[in-house]
Amino acid sequence: MRFSGFLRQAFGVGAITVADRAAGFVLAVVLARWLGPEGYGIFAFVMAAAALAAVPVRFGLPEWLMRELAAGRAGAPLAARTLALVLATGLGGAVAGSAVVALAAEPGSLRSALLIGLWMIPLTAALEVLGHALRGWGRPALAQAILTLVPTLLVLAGIGALIWAAATGTAAAALGIRAAMLAAAALAGLALALRLAPRPGAGAPPPAARAMLRAAFPFMLIGAAGVVMARTDVLMLGLLAGTLEAGLYNVAAQAAALVLLVLNVGATVAAPQFARLEAAGDRVALARFAASSARAVALAAAPVGLLLIVFGGPLLALVFGADFGAGAMALAILAAGALISLVWGTPGFLLNMTGFEALSLRIMAGAAALNVALNAALIPAMGPEGAALATALALNAQKAAGWLAVRRRLGMDCGCLGLGTA
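Rules used throughout
- Residues numbered from 1 in each chain as written.
- Predicted model: local features only at pLDDT ≥ 70, side-chain atom pairs only at ≥ 80, totals over all residues.
- Heavy atoms only, no water.
- Helix = DSSP H or I, 4+ residues; strand = E, 2+ residues; numbered from the N terminus.
- Buried < 20%, exposed > 50% of the residue type's maximum accessible area, 1.4 Å probe, protein only.
- Areas by Shrake-Rupley, 256 points an atom, 1.4 Å probe, with all protein chains shown as cover.
- Contact = heavy atoms within 4.5 Å.
- Phe/Tyr/Trp six-rings, centres within 6.5 Å; stacked < 30°, edge-to-face > 60°.
- Patch = residues over 30% accessible without salt bridge, like charges linked within 9 Å, V, L, I, M, F, W, Y side chains within 5 Å.
- Salt bridge = Lys/Arg side-chain N within 4 Å of Asp/Glu carboxyl O.
- Axes fitted to C-alpha atoms, helices over the stretch in contact; angles between N-to-C directions.
- Parallel < 35°, antiparallel > 145°, perpendicular 65-115°, else oblique.
- Nonpolar A, V, L, I, M, F, W, Y, C, P; charged D, E, K, R; others polar.
- Expected span 1.5 Å × (residues − 1).
- Core = buried A, V, L, I, M, F, W, Y, C linked by side-chain atoms within 4.5 Å.
- pLDDT = per-residue confidence, 0-100.
- Left-handed = near helix turned anticlockwise from the far one by under 90°.

Focus: the overall build of the chain
A count of helices and strands for the chain gives 14 helices and two strands. Classification of the 422 residues of the chain by burial places 48% in the buried group. Looking at the chain as shown, the accessible area adds up to about 18,100 Å², and 70% of this sits on carbon and sulfur atoms.

Next up, the structure:
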């Protein structure tokens, strides 16, 4: 593939990502207003728990499958075996988890929501396998749409139908709609995979399940670190402070994510340029581009972050509902942390694109462990504000460590305040 074609695909994935984040933000607003702080807190808590429980079910297999398919070392039979493996594991886990929740949890809204959320795990894992298979076959934009945008739009339509029918807003109802729409998206992804898959004879025969799990294990570690970084705050806040606080915090996190959205879009476009300049051996141009792209992202994100810091409370109350204005301080902390993190540039992407992905993984794992420890220490005393502070500190620790690693290994300053070279 030529670089121009790769860049077009990066722009396509970026556009779909922006559309998905916009749809996800609208969905969060609709759910918060429909469910209220307590119901939305239960929904957010179950979603965080399901994401964490899905890590051993996925076991890094979707990412490993994508690599094998893209390299031409395997074909449709491996994709089929991977799909069967994660579905079997996920269904077994859902059955066992349902039995535990039914016996151990007290009757109520949270137990009902957990019982439904458990069945989202195999559906999500299957969708991940199908999406990564499409990526391996050279359809990244289509895969991104199937993995994220389509399910979000379907859930938004389903929730809208319930609201139009004047149905009572409960977390269990919202999660039930999500589970049904995940199943619909998975069926659509399966139809696309069957249509786009190469002929059955392509690639070597698939290995045994044990060999697949052994090969995918490093990818599971990477995925686990990412999930811990993304979901620890909501999950631990629900456990330590209650689902009401988790709901208030989650809307603040949704709003603060708008700052990092600019970073993610910029990194999606910049990452292939990092790889091209590294492959060409032009470290001077790479250093300059890393610093200039970091400055462009920071300038674009700064107005959004400052707006959220100064007017966060009124904006939360206006958009999500009056009860959610209580999350103003958590939003200010998260937005400030996100803004500060922009100073460090995009060291994770830079390390991954220049052959230091193992070092990047170690940094992410360390930040994930720090995130858990800080949440455990700060949430009991500070509640949602403690979760926000823990997340902001862990994020900046990760970015600072990455910046230092880039400086030492690549000899450059990738931050937005630097000139590129060390």
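A short note on the environment of Leu-192
Mapped onto the secondary structure, Leu-192 falls in helix H7 (residues 171-196). Separated by 49 residues in the primary sequence, Leu-192 and Ala-143 have C-alpha atoms spaced 9.6 Å apart. Those residues in contact with Leu-192 that lie beyond four places of it in its chain are Leu-134, Leu-142 and Ile-146.

A closer look at the packing of aromatic side chains
A ring pair, where both rings are aromatic, is described by two values, the distance of the centres and the angle of the planes. As enumerated under the stated definition, the model contains two aromatic pairs in all. A ring pair is formed by Tyr-40 and Phe-43, whose centres lie 6.3 Å apart and whose planes are at 20°; its orientation type is stacked. Of this pair, Tyr-40 and Phe-43 both sit in helix H1 (residues 3-58), three residues apart, which is roughly one turn of that helix. For the residue pair Tyr-40 and Phe-43, the accessibility class agrees, reading buried in each case.

Looking at a nonpolar patch on the surface
Nonpolar side chains collect at one region of the surface, where Leu-306, Leu-307, Ile-309, Val-310 and Phe-311 lie side by side and expose about 460 Å² of accessible area between them. By the element assignment, Ile-309 lies in helix H10 (residues 283-320).

A look at the packing of helix H11 (residues 328-341) against helix H14 (residues 384-410)
Between H11 and H14, the least distance of the axes is 8 Å, while the angle of their chain directions is 5°. Classified by the angle their axes make, H11 and H14 are roughly parallel. Of H14, the residues touching H11 (which contributes Met-329, Ala-330, Ile-333, Leu-334, Gly-337, Ala-338, Ile-340 and Ser-341) are Pro-384, Glu-385, Ala-388, Leu-389, Thr-391, Ala-392, Leu-395, Asn-396 and Lys-399. Here the residues of the contact of H11 with H14 are counted per class, giving eleven nonpolar, four polar and two charged.

As for H14
Spanning 27 residues, H14 covers 38 Å between terminal C-alpha atoms, matching the ideal 39 Å at 1.5 Å per step. Where H14 terminates, the next one or two residues include Gly-411, which has phi positive at roughly 70°.

What about the nonpolar core?
Ranked by internal contacts, the top residues of the largest apolar core, which has 91 residues, are Leu-31, Tyr-40, Phe-43, Ile-159, Tyr-249, Phe-320 and Leu-342. Counting residues per element, this core draws most heavily on H1, which supplies 18 residues. When sequence neighbours within four positions are dropped, the list of residues in contact with Phe-43 reads Leu-31, Leu-35, Ala-171, Ala-174 and Leu-175. Listed in part, the 14 residues of the second largest apolar core include Ala-287, Ala-290, Leu-359 and Trp-403.

Side note on the confidence of the model for the chain
Residues of the chain with pLDDT of at least 70 account for 82%, and the chain-wide mean is 77. When mean pLDDT is taken per element in the chain, H14 scores highest with 89 and strand S2 (residues 420-421) scores lowest with 52. A low-confidence stretch, residues 1-7 (pLDDT under 50), is modelled with eight contacts involving residues beyond four sequence positions or located in other chains.

What to know about the side chain of Arg-178
Tracing the backbone through its elements, the reader meets Arg-178 in helix H7. By relative accessible area, which is 18% here, Arg-178 ends up buried. Here Arg-178 is in contact with Met-47, Met-120 and Val-155, once residues within four sequence places are set aside.

Notes on the packing of helix H5 (residues 120-136) against H7
Where H5 contacts H7, the axes come no closer than 9 Å and their chain directions differ by 30°. Relative to H7, H5 is oriented roughly parallel. For the element pair H5 and H7, the recorded crossing hand is left-handed. Residue-level inspection shows Met-120, Leu-123, Thr-124, Leu-127, Leu-130 and Leu-134 of H5 in contact with H7, the latter providing Leu-175, Arg-178, Ala-179, Leu-182, Ala-183, Ala-185, Ala-186, Gly-189, Leu-190, Leu-192, Ala-193 and Leu-196. Split into classes, the residues belonging to the contact of H5 with H7 amount to 15 nonpolar, two polar and one charged.

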